[in-house]
Amino acid sequence: KAGVTQTPRYLIKTRGQQVTLSCSPISGHRSVSWYQQTPGQGLQFLFEYFSETQRNKGNFPGRFSGRQFSNSRSEMNVSTLELGDSALYLCASSFRTSGSSYNEQFFGPGTRLTVL
Amino acid sequence: GDSVTQMEGPVTLSEEAFLTINCTYTATGYPSLFWYVQYPGEGLQLLLKATKADDKGSNKGFEATYRKETTSFHLEKGSVQVSDSAVYFCALRWDTGRRALTFGSGTRLQVQP
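Residues numbered from 1 in each chain as written. Chains lettered and ligands numbered in written order. Predicted model: local features only at pLDDT ≥ 70, side-chain atom pairs only at ≥ 80, totals over all residues. Heavy atoms only, no water.

So what's going on with the nonpolar core? Which residues, and what values?
General note: in soluble globular proteins, nonpolar side chains tend to be found buried as a group. Counting 25 residues, the largest nonpolar core has L19, W35, L48, F73, L75 and Y88 of chain B as its most contacted members. At the level of secondary structure, the elements contributing two or more residues to this core comprise strand 2 (11–14), strand 3 (19–21), strand 4 (23–26), strand 5 (32–38), strand 6 (44–50), strand 8 (62–65), strand 10 (86–93) and strand 12 (107–112) of chain B. I26, F47, M76 and A87 of chain A belong to the second-largest nonpolar core, a separate cluster that totals 21 residues. (Core = buried A, V, L, I, M, F, W, Y, C linked by side-chain atoms within 4.5 Å. Buried < 20%, exposed > 50% of the residue type's maximum accessible area, 1.4 Å probe, protein only. Helix = DSSP H or I, 4+ residues; strand = E, 2+ residues; numbered from the N terminus.)

Here's what the structure looks like:
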């Protein structure tokens with residue numbers, strides 16, 4: 001079974017530009033979550049999508065947005081990039097259900113974004 | 001709000017030494033607890049988990065016990081190998097409502113031959 005894939009793996013942008021990152025979950029997984037990893041702030045939750053709807057959102061400005069398609073693939077977008085947006089962006093998928101059962105999150109390798 | 005506190009790194013050990021990485025959490029109630037590992041240039045891999053108090057998670061020689069009395073989930077391994085060198089993250093998550101993982105700051109482990 002293929003794992004979570006993220007594209008591109010590396011990206012260099014300049015301040016003010018916008019960027020779109022893509023995540024393909026494990027086949028059959030309908031939940032996709034995004035996390036930002038930086039040396040200063042560590043790992044922080046951005047948002048979760050399930051069945052094409054944003055279910056949860058972390059404490060990030062509106063410049064960070066996302067969406068999920070009918071095939072469960074997800075994209076996140078960052079507009080008006082700032083130097084502080086340089087980070088490793090991780091995507092995780094899970095077989096989420098509406099019940100209270102535990103569903104493991106499987107992480108992709110991440111996209112390394114550098115803002116110059 | 002919820003938070004996870006891990007011991008500062010790096011932790012440097014010789015091969016076959018005993019490993020302990022401390023982790024404590026602050027939360028109202030009893031979330032599920034996890035240890036993730038991140039090898040250089042890679043994403044996170046789930047190492048072990050415990051979904052209720054007194055549970056012991058184990059995998060690849062690593063163990064951690066969910067202690068609700070001390071709100072702790074310390075990671076242990078009896079004999080580390082060079083290949084265990086990585087960054088280890090402790091995390092908590094609720095199984096209903098907001099299901100996002102809340103991570104600790106990570107602890108880098110360096111094992112020397």
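How would you explain the state of the cysteines if you had to name every residue and give the values?
Scanning the entire structure with this criterion turns up 2 disulfides over all chains. The side chain of C23 of chain A participates in a disulfide bridge whose partner is C91 of chain A; the two sulfur atoms lie 1.7 Å from each other. Across the disulfide from C23 of chain A to C91 of chain A, rotation about the S-S bond amounts to roughly -50°, and the bridge is consequently left-handed. Residue C23 of chain A is located in strand 3 (residues 19–24), and its partner C91 of chain A is located in strand 9 (residues 87–94); the two are separated by 68 residues in the primary sequence. Each member of the pair, C23 of chain A as well as C91 of chain A, is classed as buried. Here C23 of chain B pairs with C90 of chain B through a disulfide, and the sulfurs are 1.9 Å apart. Every disulfide takes its handedness from the sign of the S-S torsion; for C23 of chain B and C90 of chain B that torsion is -70°, giving left-handed. With C23 of chain B in strand 4 and C90 of chain B in strand 10, this pair connects stretches of sequence that are 67 residues apart. Given a relative accessible area of 2%, C23 of chain B falls into the buried group. (Disulfide = S-S within 2.5 Å.)

Please set out the packing of aromatic side chains residue by residue, giving values where relevant.
Applying the stated criterion to the full structure yields 12 aromatic pairs over all chains. Ring geometry for Y35 of chain A against F103 of chain B: centres 5.7 Å apart, planes inclined by 85°, an arrangement best described as edge-to-face. Of this pair, Y35 of chain A sits in strand 4 (residues 31–38) while F103 of chain B sits in strand 11 (residues 102–103), placing the two residues on different chains. Each member of the pair, Y35 of chain A as well as F103 of chain B, is classed as buried. Each member of the aromatic cluster is reached from another via a ring pair, and the members are Y35, F45 and F107 of chain A together with F34, Y36, F89 and F103 of chain B. Over the face of the ring belonging to Y30 of chain B we find K68 of chain B, whose NZ or CZ atom lies 5.6 Å from the ring centre. (Phe/Tyr/Trp six-rings, centres within 6.5 Å; stacked < 30°, edge-to-face > 60°. Lys NZ or Arg CZ within 6 Å of the ring centre and 35° of its normal.)

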